Amino acid sequence: QKLELHAQDWRLVARLDHELHAAIIRGAQNPVLDQIGRILTSHVFENRGLTARFAPDVERMRREHNAIVDAILKRQADSAEQAMMKHLNSAGLDFI
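Let me sum up the structure you'll find in this document. (Residues numbered from 1 in each chain as written. Predicted model: local features only at pLDDT ≥ 70, side-chain atom pairs only at ≥ 80, totals over all residues. Heavy atoms only, no water.)

Some details on the overall build of the protein
Defined as follows: The helix count covers DSSP runs of H or I at least four residues long, the strand count covers runs of E at least two residues long, and both are numbered beginning at the N terminus. Relative accessibility decides the category of a residue: with a 1.4 Å probe and only protein chains considered, values under 20% of the type maximum give buried, values over 50% give exposed, and everything between is partly exposed. Working rule for contacts: check all heavy atoms of both residues, and any pair within 4.5 Å makes them a contact. Surface accessibility in these figures is a Shrake-Rupley result with a 1.4 Å probe; residues are shielded only by whichever protein chains are displayed.
Helix and strand counts for the protein stand at five helices and zero strands. What you see in the protein, going N to C, is helices and strands ordered as α-α-α-α-α. In the protein, which comprises 96 residues, the proportion classed as buried is 33%. In the protein, once contacts between residues fewer than 6 apart in sequence are set aside, the share between residues at least 24 apart is 70%. Carbon and sulfur atoms provide 55% of the accessible area of the protein, an area that totals close to 6,700 Å².

Examining the pattern of salt bridges
What counts is decided by this rule: Salt bridge, as applied in this entry: a Lys or Arg side-chain nitrogen positioned within 4 Å of an Asp or Glu carboxyl oxygen.
Applying the stated criterion to the full structure yields six salt bridges. Close ionic contact of D34 with R38 constitutes a salt bridge, the shortest N to O distance being 3.0 Å. Residue D34 and its partner R38 are located together in helix 3 (residues 31-48), separated by four residues, close to a single helical turn. D34 gets classed as partly exposed once you look at its relative accessible area, which sits at 25%. Where E59 meets R62, a salt bridge forms, and the shortest distance between an N and an O atom there is 2.6 Å. A residue pair is termed a helical-turn pair when its members lie 3 or 4 positions apart in one helix, as E59 and R62 do in helix 4 (residues 58-73) at three residues. Among the residues examined, R62 registers a relative accessible area of 23% and is labelled partly exposed. Each member of the salt-bridge network shares a partner with another, and the members are E59, R62 and R63.

Notes on unusual backbone geometry
Phi at Q29 takes a positive value of approximately 50°, unusual for a residue other than glycine. The topology assignment puts Q29 in the loop between helix 2 (10-28) and helix 3. The backbone of R75 sits at a positive phi, close to 60°, despite the residue not being glycine. Within the secondary structure, R75 sits in the loop between helix 4 and helix 5 (77-91). Using a relative accessible area of 78% as the deciding quantity, one classes R75 as exposed.

A word on the environment of V58
By secondary structure assignment, the location of V58 is in helix 4. A C-alpha to C-alpha distance of 8.3 Å links V58 and V13, two positions 45 residues apart in sequence.

Here is the structure:
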């Protein structure tokens, strides 16, 4: 819900997105995923929130985040993986 309330605040959107991804990575308790996450977040999330040029589709982001979290909470690993892959693929569209 925070994401929807602050959709025009690019820095906040990037921070909230980062927090969700970081929580998922921590919850996975996978050292390799943790290392990859650190590298990606230091490069991607820090740079994209600095400019209004990054104008994410907040509604799409919200739907994708909800699908990921819902699958995780239901302990549906395959669904969670598919939802995360869809999200990571579509997130690249925000950089084009």
